[in-house]
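One-letter residues, chain by chain:
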Amino acid sequence: MDKTTYDNFVTLLKGDLVPAMGCTEPIAIAFAAAKAREVLGQIPERMVILCSGNIIKNVKGVVVPNSGGLKGVEVAAILGAIGGNPALGLEVISQVSQEDADKTRELYEKGICICELKEGEENLFIRAELIAGDETAAVEVSHRHDHVSRVEKNCRLVFKQLGGSVNGSGSKSSLNIKDILQFANEVDLNDVREIIGRQIKYNSAISDEGLTNNWGAQVGKTALLLGGSDPRTRARAAAAAGSDARMSGCALPVVINSGSGNQGITCTMPVLIYAEEIGVSEDVLYRALVLTNLLSLHQKRYVGSLSAYCGAVSAGAAAACGIAYLNGADYDVIGKTLINSLGNVGGIICDGAKASCAAKISTSVDAGIVGYEMAKRDLSFPFGEGIMEKDYEQTIMNIGRVGRQGMKSTDIEILNIMIGK
């Protein structure tokens, strides 16, 4: 593999597989508000948070960590402004105190913060406007959950960085299945060991929390009760349980994929379960997770960070490819695993972040494992049927087209239903 591609893939993993606390959309709002408070230099008297529809959709149904069980855009923003530390990125509210949480509840009940839908912006857009007396500050976050694209102080522009590419994040345009597989085989594990090791540690911890205690709808625990102890059931349960805890406000951090903690957990836990079952070495496990994470990023680059297309589908398909890698699969088996998975559950909608995300994760992981079991027997859905194409890459692009373009109107209707229009 040429050095440019190699270095880019390492940069992608380092830039994308970062820790985040709670659902990334309310955390992004807290981050924007905390940064705006830093610019303002004091606690605000009034706040206005303008968000794209997909941000509002993904904040409405999840508990904001360390808030005392509260939900919503306003709660995330106030907590970020009161006790958030923007230097911590997507762990911005990990160090807030009980006093901060109590103050947040008080200010929320006073109604100091309002949320408005910002139309005509990309799917990932947040603008936090803070006011104290005659002083104002505004911070915009776009493209990525932790990317500050604009800063204003007293209506004067202080900083601006537009465009979808963020320095140090790497380019996804060169991703393809063959190069990803080659990279997974050849990467010097010293270049990725810290990143993947952290992902294993963090995501395993929140999965264990979801399986141990009663979080959310308890999809993971229910799967184990109904399905027994085979690896397929445990893979579904472990991934779902992490989401059970995360969607219900668990304060444990996760390592994300494609801007999503749920997708990060889905990429991780099924591969871990099968690695333990098979008894592979740590090196093989790490290479399988490198493959899984990059394949998930590859799929989502066509769909976009936020849409009406459920990202668990991409992550579940990628995890199945990681399982295939553990078993020594070649390019065609991995490609067919993707085709079989996407041809099965490619239509799952995203109607916001909430407890049912865990069930969608369970379904996507199961579809991925079935897809792999078909692929290793040289079975796949025929090319030319539906959106299946002559090659694996084109099929991935077709799925992305459906998610990004075809489901735009679906996204609007989902949001309208959720806000009562």
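This text follows the structure it describes.
As the structure is a computational prediction, the values presented were derived from the model and not from experiment.

Asks: What exactly am I supposed to notice about the overall build of the chain here?
Replies: Broken down by element type, the chain carries 16 helices and eight strands. For 421 residues, the compact-globule estimate of 2.2 N^0.38 gives 22 Å, and the chain sits close to it at 21 Å. Here the analysis covers contacts within the chain between residues at least 6 apart in sequence; of these, 75% occur between residues at least 24 apart. As displayed, the chain has an accessible area near 16,400 Å², and 48% of this comes from carbon and sulfur atoms. With 41 positive and 48 negative side-chain charges, the chain shows a spacing of 3 Å between the two charge centroids.

Asks: Is there a simple way to explain the packing of aromatic side chains in this structure?
Replies: Aromatic ring pairs are reported here in terms of the distance separating the ring centres and the angle at which the planes meet. In this structure the tally under the stated criterion is three aromatic pairs. Here the aromatic rings of Tyr-6 and Phe-183 are separated by 5.3 Å at their centres, their planes lie at 65°, and the arrangement is edge-to-face. With Tyr-6 in helix H1 (residues 3-16) and Phe-183 in helix H6 (residues 177-186), this pair connects stretches of sequence that are 177 residues apart. The class for Phe-183 is buried, based on a relative accessible area of 0%. Connected via pairs of aromatic rings, a cluster forms that spans Tyr-6, Phe-9 and Phe-183. Its end group placed over the ring of Tyr-331, Lys-178 keeps NZ or CZ at 5.2 Å from the ring centre. The ring of Tyr-286 has Arg-193 lying over it, and the distance from NZ or CZ to the ring centre is 5.4 Å.

Procedures and definitions
Residue indices follow the written sequence of each chain, beginning from 1 at its first position. Local features in this predicted model are restricted to residues whose pLDDT is 70 or higher, and side-chain atom pairs enter the listing and the counts only when it is 80 or higher, whereas totals over whole chains, interfaces and linings include all residues. Each side-chain value is derived from all of the structure's non-hydrogen atoms; neither hydrogens nor water enter the calculation. The way it works is that DSSP assigns letters per residue, a run of H or I at least four long becomes a helix, a run of E at least two long becomes a strand, and they are numbered from the N terminus. Here the globule rule reads 2.2 Å times residues to the power 0.38, and the radius of gyration is calculated from C-alpha atoms. Any two residues whose heavy atoms approach within 4.5 Å at even a single point are treated as in contact. Each accessible area value is a Shrake-Rupley result obtained with a 1.4 Å probe; residue values ignore everything except the protein chains displayed when judging cover. Here Asp and Glu are counted as negative and Lys and Arg as positive; His is not counted, and neither are the chain ends. A charged residue contributes its charge at one atom only: NZ of Lys, CZ of Arg, CG of Asp or CD of Glu. The rule is short: rings of Phe, Tyr and Trp, with Trp giving its six-membered ring, pair when the centres are within 6.5 Å, and they are stacked under 30 degrees, edge-to-face over 60, tilted in between. Accessibility here uses a 1.4 Å probe with only protein chains present; expressed as a share of the type maximum, an area under 20% marks a residue as buried, one over 50% as exposed, and anything in between as partly exposed. Remark: a charge is flagged as sitting over a ring if the NZ atom of Lys or the CZ atom of Arg is within 6 Å of the ring centre and within 35 degrees of the ring normal.

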